[in-house]
Amino acid sequence: MADNLINGKEIAGKVTEKVKERVDNLKAKGITPGLAVVLVGSDPASQTYVNSKTRTCERLGMYSVMIELEETISEEELLNSVEKLNQDEKIHGILIQLPLPKQINEDRVIAAISPLKDVDGFHPVSVGKMMIGQPTFLSCTPFGVMKLLEYSDVEIEGKHAVVIGRSNIVGKPMGQLLLQKNATVTYCHSKTKNLHNHTKQADILIVATGQPKMIDSSYLKEGVVVIDVGIHRNEDNKLCGDVDFASAKEVASKITPVPGGVGPMTIAMLMENTCLAAENTLDK
Ligand code: NDP
């Protein structure tokens, strides 16, 4: 790999190694961290994500269950399943694979997860605590980006971080976590005027637009650190991100590839959150 690449696969390996040690410690105390992954319907992409999450659990010696539910399930039935998992002592973390079918209100389902088991960090209680800097479960993708920056020795304090994207699961929490580390943060989105003017000022640029290869070198200042959160499968079945990697890597001082950048970190942070949820039960 070229020097300026941020190797997410390698960093995720280091993170999960530490998680494995924590899992072993918990097991010595009689607790096996347990994750329940709920999959509604049979979307192939969701199926792939869910499988790799449960496989990683097994590799780290954690307990995992996959709850597969019919596409046509009612909201009430799904809420009942969530409640059962809330009560289940073997389960420390609950993840509902999104998106959910149209007949189901996602917000209501997320709010039904016990905040003690909200390892995805999407519950309003987790989001609120994150905003005010209290310990909580952090949303896995932005949490993973923060780890990538930390392991790559990227200085955040005093830097200008520009986040393109303001979704509840990536963009918004991303900016907040950077702010907590004393970056000056700018959020950009689809209504932002003169996007180039903003991105050109970035010392750290986080791209989470959902638009394949949208950001090329023309958006970048020389030496910027570029984190590409996007993930797409293009016509020739290859994965690409929201950044035009070939062009951007010529200007960036550090850059994440796709695949092998942010993606592996998201799962690693889910493992860390599940381990933390199990550790929290020790304090009770
Ligand atoms: P969303 O579609 O929910 O949000 C996209 C955001 O980008 C919105 O805020 C939107 O603005 C903004 N946007 C869209 N087009 C433009 C544009 N032309 N200029 C500026 N801003 C724009 O996506 P997510 O946040 O869920 O995901 C973002 C990307 O990250 C996707 O590619 C997704 O696949 C990937 N992803 C990867 C993960 C991983 O583990 N690697 C995990 C989660 C997501 P507005 O709000 O105005 O509509």
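- Looking at an unreviewed UniProt entry, the chain carries the name Bifunctional protein FolD, with the source organism given as Psychrobacillus faecigallinarum.
- UniProt's Sequence similarities (unreviewed entry) comment on the chain is quoted here verbatim: "Belongs to the tetrahydrofolate dehydrogenase/cyclohydrolase family."

1. Things to note about helix α1 (residues 8-28)
So, step 1. Across its 21 residues, α1 extends 30 Å between first and last C-alpha, which sits within 8% of the 30 Å expected from 1.5 Å per residue.
So, step 2. Residues of α1 that are buried: Gly 8, Ile 11, Ala 12, Val 15, Thr 16, Val 19, Val 23 and Leu 26. Looking straight down α1, one finds its buried side chains confined to an arc of 125 degrees; they lie on one side. The exposed set on the far side of α1, more than 90 degrees from its buried face, consists of Gly 13, Lys 14, Glu 17, Glu 21, Asp 24 and Ala 28.
So, step 3. Turning to α1, the residues buried within the fold contact α6 (140-151) and α10 (262-282).
So, step 4. One or two residues past the end of α1 sits Gly 30, with phi positive at roughly 90 degrees.

2. Structural notes on the sheet that holds strand β3 (residues 93-96)
So, step 1. Strand order in this open sheet of three strands is β2-β1-β3, and the pairing throughout is parallel. Edge strands, defined here as strands with exactly one partner in the open sheet, are β2 (63-69) and β3. With strand direction ignored, the average angle separating the axes of adjacent strands in the sheet is 15 degrees.
So, step 2. Alignment of strand β1 (residues 34-40) against β2, held across seven bridges, turns out to be parallel. Its bridge partner being in β2, Val 37 is matched across the sheet by Met 66.

3. Some details on unusual backbone geometry
So, step 1. The linkage connecting Leu 98 with the following residue, Pro 99, adopts the cis geometry, with an omega of 0 degrees.
So, step 2. Looking at where Pro 99 falls in the secondary structure, it is placed in the loop between β3 and α4 (106-112).
So, step 3. A cis amide bond links Val 258 to the next residue, Pro 259, at an omega of 0 degrees.
So, step 4. For Pro 259, the position within the fold is in the loop between β10 (254-255) and α10.

4. With respect to the sheet that holds β10
So, step 1. Ordered by their spatial adjacency, five strands build an open sheet running β5-β4-β6-β7-β10, and the pairing between neighbours is parallel. The open sheet has two free edges, formed respectively by β5 (184-188) and β10, since each of these has just one partner strand.
So, step 2. Pairing between strand β4 (residues 160-164) and strand β6 (residues 204-207): four bridges, direction parallel. Residue pairing in the sheet places Val 162 in a bridge with Leu 205 of β6.
So, step 3. Docked against the sheet, helix α7 (residues 171-180) engages β4, β5 and β6, running at close to 170 degrees with respect to β5.

Basis of the calculations
- Residues numbered from 1 in each chain as written.
- Predicted model: local features only at pLDDT ≥ 70, side-chain atom pairs only at ≥ 80, totals over all residues.
- UniProt positions renumbered as here; feature names shortened; annotations may be inferred.
- Helix = DSSP H or I, 4+ residues; strand = E, 2+ residues; numbered from the N terminus.
- Expected span 1.5 Å × (residues − 1).
- Buried ≥ 20, exposed ≤ 12 C-beta atoms within 10 Å, placed from the backbone.
- Arc of directions from axis to C-beta.
- Contact = placed C-beta atoms within 7 Å.
- Pairing = 2+ DSSP bridges.
- Axes fitted to C-alpha atoms, helices over the stretch in contact; angles between N-to-C directions.

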